[in-house]
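Below, each chain spelled out in residue letters.
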Amino acid sequence: MWPFVAALTLSITLAACGGGGGGAGSAGDPGLSDRAALGKKIFFDPSLSASGRMACSTCHDPAFAHAQNNALPVQSGGAGLDVPGFRAVPSLNYLEKNPSFFFDSEGTPTGGFNRDGRAQTLADQAQRPFLAAHEMANGTPDVVVQKLAAAAYADDFRRVFGSAIFADIDTAFLRARQALEAYEREDPAFHPYDSKYDAFLAGRATLTAQEIRGLALYQDPTKGNCSGCHPSARGSDGTPNSPPLFTDFTYDNLGLPRNMAIPANADPAYLDMGLCGPERTDLAGRRDLCGAFKVPTLRNVATRKVFFHNGAFSSLKDALTFYVQRDTNPEKWYPMGSSGALEKFNDLPPDLAGNVNTTEVPYNRKEGEPPALTDAEIDDVVAFLQTLTDGYTP
Amino acid sequence: MIAAKGFLMHARHPLAVALLALGLALPRAALADEAALQKRIDALEAQLRALQDQLTAIRADAKSAQASAANAQATAEKAVAAAPQAAASGTAAVAAGNAAPPASMAPYAFPQIGPNTVLSSYGEIQYNVPQNSNDALADVGRFVIGIAHSFTDRTRMAAEFEVEHAVTSADDSGEAEVEQAYVEHDFTDHASGKAGLFLIPVGLLNEHHEPTVYYGVYRNHVETAIIPTTWREIGVGGTWHDDTGWTVNAGLTTGFNLSKWDPNSDEGRESPLGSIHQEGQLAAAKNLSGYAGFNWRGVPGLEAGATVFYGGAGQGVDFAGKDAKVTLYEGHVRWTPGPWDLAALYAHGAISDIGDLNATFAGAPTPVPATFDGWYTQAAYKFTFGGGQQLGPFIRYEQYNTARSYVGLPVGFDVPTGPNNKATTLGLNYWLTPGVVFKLDYQWLRPDDTQSRFALGIGYAF
């Protein structure tokens, strides 16, 4: 009996680690449905890309909360892994509560997948990485399905979805993406809720004095006001006692500086404006939404090496300093134009600069005013954000 | 009550008038109490018949019509004096607070919808103009339907269904709720027990919150912010009373759920317990609570009582407040000498073992208060006119603090306690008949003067 339990525990632990295990093995994963176990194999399979060297896990590395593991603003894909992308890679953790896109009763855009919410479901979202030229670059679904039919787990695929599944390209492509969705939803590696902060909320850990100060600044509506968009209290998603997700899935325009390290930005006419395009097309007419991006979760944010949709910052300290000094010290963040005037909010067309949120704490200050957080206070908030990294052991 | 109706319809004599008055004080009580009182009314009716026989005999004696009347009057006074005791188990007549209305008004009984089943209802509509008159509001504050049924003369049920703020749906701010639903059984003439969803016997208002019962357009702050009227729990409760005016209540019920505390909302500051009550709605019931209290009505017109409620509030939820406990105690006095109606109440609440939880709320505007309390005094005088009308000017002074103290807040991130609110309310209740009331008042609030307001209200209850 005990050896059996021990073996079971061990295998669950291994599964939960979700490691870069490359999708070998034929048996289903304990704790995962057949579909999800299949999805896991697809997630780690580089043979499904044009280069043969890129899997979902290449950009969504489990060791980095399923986000990128490097400090590049954008990743490159394609057959030669040399076609640059457009946005920094978000973490896939804690998307299990991400709703489909909708406008709430007050007209606030909410939910959806990708930084502009253009995909309605996880399965829907998975089309792009398989096909897009700058990612796995298969071009069309039939190429993906051919590769699936040749994969080591093709028999599993048939067993789960029917022996004739590969004959129907569209259905087979859909099933592969549904399997990915099942994996992302089911595997606790995507939502372990085991950070130090989770233990603290449960009364099982204490934060250091600095971390508590950081938490207080984070939650104080007159100081950081971070919980206004990145909620930190239990039940804040409306489900009683649910752990906080550190995002309310809404959208905001932070007025980030243009990141010239993104190759696409060499073209002055290229503007990534989130909700209103160019990637997303259905809200192109909503000029008021231009520049708004989805609020990302801050769980595991300290494992990131670049921040925000355009990776404009490469340390948490800089990212937070930008928040509080954007308006008090704009010269720190934006370039001088040829005319000698500061080009504030230079990643937006000048006539849309008014879309930037300048009314909410912490970025409601004016030039010359003291920033909402001092340098030492920013350090405190950074210390707090470090308690949000999963895998805490007391 | 129901049995008494026919008889009271034909009441003419001063003696009958006095008893009629007693009978009329009763309909204003909570329906629940009605059912409890029915048996006693039957007894009173029997007594009344006996007295009437006696009276007839006295009349027949024909020595002096005058003397007979005086005699009858004396008997009547005795019957009225007994009212507090008759009401002791149900707390009806005294808590109802309206002195006996005049004889000229039409007698009233609950609509009977079956041989042993009665219907009741109350409602209140308010109009409120704060300092900033742009925020004036008119609202159907409450509409309630109740039903009570006697299975036997010892076993009955009572239930109330309430709609607050007129319209209820996912997008509206109204609420529809079952306010009470319980069965009650008399074990002896002095002891009864109930089980189900019932109102906690606490304070002056919680069990007797109909608009015709209290002064002012809105319920007082202390019994809203500190005692979360209308406060009900699911559980069992017992009541015992004797013949000298003592009533003792005790029970075991569901309690509060601190895991619902929202540190970013104002609710917890408006009413700490009101924001974490469960109202019998899939109530987390890992921790039970208990209450015990007494009332003494040994002197006609006087009621004095106290209650304490205690229980865990962690409810088995895995969070930093899992060991928290809620304690609420209150003491109250009400004295109704003649047309006067004088009342005072003090209530004190505490939530313990919340240091760890408040640490998680660091920086948030509304941590959990360790203590909160409040008191009020109220004086009213009732003028009685023809046709059952009454006019009751009143003044009430209240002090209440929903956050008297905090614990567990990190150094440098104190949240100010208080405020120590002071409310003075001056107003007028006008009863067209005892079941219909029009109200008007002005309330001065300190320190937040912007909340000072003028208000008008209409209420009914039967």
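Treat the numbers as computed from the prediction; the structure is a model and nothing was measured.

Let us now look at the overall build of chain B. Secondary structure assignment for chain B yields eight helices and 18 strands. A buried classification covers 54% of the 462 residues belonging to chain B. Looking at chain B alone, contacts between residues at least 24 apart form 63% of all its contacts between residues at least 6 apart. For chain B, the accessible area works out to roughly 18600 Å², and carbon and sulfur atoms hold 62% of it.

Attention now moves to the overall build of chain A. Helix and strand counts for chain A come out as twelve helices and six strands. Summarising its shape, the C-alpha atoms of chain A cover approximately 70 × 50 × 40 Å along the three principal directions. Every one of the 394 residues in chain A was classed for burial, and the buried ones make up 54%. The long-range fraction of contacts in chain A, counting pairs at least 24 apart against all pairs at least 6 apart in sequence, stands at 63%. When the accessible surface of chain A is split by element, carbon and sulfur atoms take 57% of a total near 16500 Å². If the 34 positive side-chain charges of chain A are averaged to one point and the 46 negative ones to another, these points end up 2 Å apart.

Summed over the entire model, instances satisfying the criterion amount to 38 salt bridges over all chains. When the shortest N-O distance is used, the salt bridge between A:D272 and A:R87 registers 2.8 Å. Here A:R87 lies in the loop between β2 (83-84) and β3 (102-103) and A:D272 lies in the loop between β5 (251-252) and β6 (293-294), a separation of 185 residues in the sequence. On the basis of relative accessible area, A:D272 is assigned to the buried category, the value being 6%. On the basis of relative accessible area, A:R87 is assigned to the buried category, the value being 14%. In this structure, the salt-bridge partner of B:E162 is B:R142, at a minimum N-O distance of 3.4 Å. With a gap of 20 residues between them, B:E162 in strand β4 (residues 155-164) and B:R142 in strand β3 (residues 137-150) connect regions that are remote in the sequence. Residue class for B:E162 comes out buried when judged on its relative accessible area of 0%. With a relative accessible area of 15%, B:R142 lands in the buried category. The network of salt bridges with shared partners includes A:R87, A:D116, A:R118, A:D272 and A:E279.

Glancing now at the state of the cysteines. By definition, a disulfide links two cysteine residues through a covalent bond between their sulfur atoms. All names here are of chain A. On inspection of all chains with the given rule, the structure shows one disulfide over all chains. Between the sulfur atoms of C276 and its disulfide partner C290 the distance amounts to 2.0 Å. Here C276 and C290 share a disulfide; its torsion about the S-S bond, 105°, makes the bridge right-handed. With C276 in the loop between β5 and β6 and C290 in the loop between β5 and β6, the pair connects residues that are 14 residues apart, well separated along the chain. Pair check on accessibility: C276 and C290 agree, each one buried. The cysteine C59 is free of any disulfide, with C56 supplying the nearest cysteine sulfur at 8.8 Å. By relative accessible area, C59 is classed as buried at 13%. The thiol sulfur of C229 is not disulfide-bonded, and the nearest other cysteine sulfur, from C226, lies at 9.1 Å.

In this section: a nonpolar patch on the surface. All names here are of chain B. Residues I125, V140, F143, I145, L432, F438 and I458 make up a contiguous nonpolar surface patch of about 540 Å² in total accessible area. A total of three residues in the nonpolar patch trace back to one element, the largest contributor, which is β3. Tracing the backbone through its elements, the reader meets V140 in strand β3. A relative accessible area of 33% places V140 in the partly exposed class.

Residue and element names in this part refer to chain A. Each domain of chain A was delimited in the assignment, giving domain 1 (5-190) and domain 2 (193-394). Relative placement of domain 1 and domain 2: their C-alpha centres are 27 Å apart. Listed per partner, the contact involves 38 residues of domain 1 and 36 residues of domain 2. A combined buried area of about 3000 Å² lies between domain 1 and domain 2, and 58% of that area is made up of carbon and sulfur atoms. It is F86, Y94 and R115 in domain 1 that bury the most area against domain 2; as a group they hold 26% of the surface buried on that side. Taken together, the connections running from domain 1 to domain 2 amount to three salt bridges. Note that R118 is salt-bridged to E279, the shortest N-O span being 3.3 Å. Here the residues of the side of domain 1 that touches domain 2 are counted per class, giving 19 nonpolar, 13 polar and six charged.

Buried accessible area, meaning the area lost when the parts come together, often serves as the stated size of an interface. Across the contact, 17 residues belong to chain A and 17 residues belong to chain B. Approximately 1400 Å² of surface area, both sides summed, lies buried where chain A meets chain B, with 58% of it carried by carbon and sulfur atoms. A per-residue breakdown of the area chain A buries against chain B is headed by A:A216, A:Q219 and A:R234, which together make up 28% of the total. Here chain A and chain B share one salt bridge between them. Linking B:D318 and A:R204 is a salt bridge whose minimum nitrogen-to-oxygen distance equals 2.9 Å. The interface formed by chain A and chain B contains seven residue pairs in polar contact (both at pLDDT 80 or more). Those elements that place two or more of their residues in the side of chain A that touches chain B are α9 (196-201) and α10 (209-219) of chain A. If one sorts the elements of the side of chain A that touches chain B by residue count, α10(A) sits on top with six residues.

It should be kept in mind that the predicted coordinates are not to be read in detail where pLDDT is low. All names here are of chain B. Taken residue by residue, chain B gives an average pLDDT of 82. The fraction at 70 or more is 76%. Under a pLDDT of 50 for its full length, residues 62-107 has, in the predicted model, 91 contacts with residues more than four places off or in other chains. Reported for the predicted complex are a pTM of 0.81 and an ipTM of 0.82.

All names here are of chain B. Tracing the backbone through its elements, the reader meets Q443 in strand β17 (residues 436-446). Taking the relative accessible area as the measure of exposure, Q443 reaches 3% and is therefore buried. At 2.8 Å, the side chain of Q443 and the side chain of H221 are in polar contact. Side-chain polar atoms of Q443 contact the side chain of T425, separated by 2.8 Å. Residues in contact with Q443, not counting those within four places in the same chain, are H221, E398, A423, T424, T425, S452 and R453.

The buried count for α10(A) comes to eight of eleven residues, which makes it a mostly enclosed element. Listed as buried for α10(A) are A:E211, A:I212, A:G214, A:L215, A:A216, A:L217, A:Y218 and A:Q219. In this fold, the buried residues of α10(A) make contact with α9 and α12 (375-385) of chain A together with α8 (355-360) of chain B.

Criteria and cut-off values
- Residues numbered from 1 in each chain as written.
- Chains lettered and ligands numbered in written order.
- Predicted model: local features only at pLDDT ≥ 70, side-chain atom pairs only at ≥ 80, totals over all residues.
- Heavy atoms only, no water.
- Helix = DSSP H or I, 4+ residues; strand = E, 2+ residues; numbered from the N terminus.
- Buried < 20%, exposed > 50% of the residue type's maximum accessible area, 1.4 Å probe, protein only.
- Contact = heavy atoms within 4.5 Å.
- Areas by Shrake-Rupley, 256 points an atom, 1.4 Å probe, with all protein chains shown as cover.
- Lys, Arg positive; Asp, Glu negative; His and termini not counted.
- Charge placed at Lys NZ, Arg CZ, Asp CG, Glu CD.
- Salt bridge = Lys/Arg side-chain N within 4 Å of Asp/Glu carboxyl O.
- Disulfide = S-S within 2.5 Å.
- Patch = residues over 30% accessible without salt bridge, like charges linked within 9 Å, V, L, I, M, F, W, Y side chains within 5 Å.
- Domains from an automatic or database assignment.
- Buried area = accessible area lost by both parts, 1.4 Å probe.
- Nonpolar A, V, L, I, M, F, W, Y, C, P; charged D, E, K, R; others polar.
- Polar contact = N/O pair within 3.5 Å; in protein donor to acceptor, adjacent residues only side chain to side chain.
- pLDDT = per-residue confidence, 0-100.

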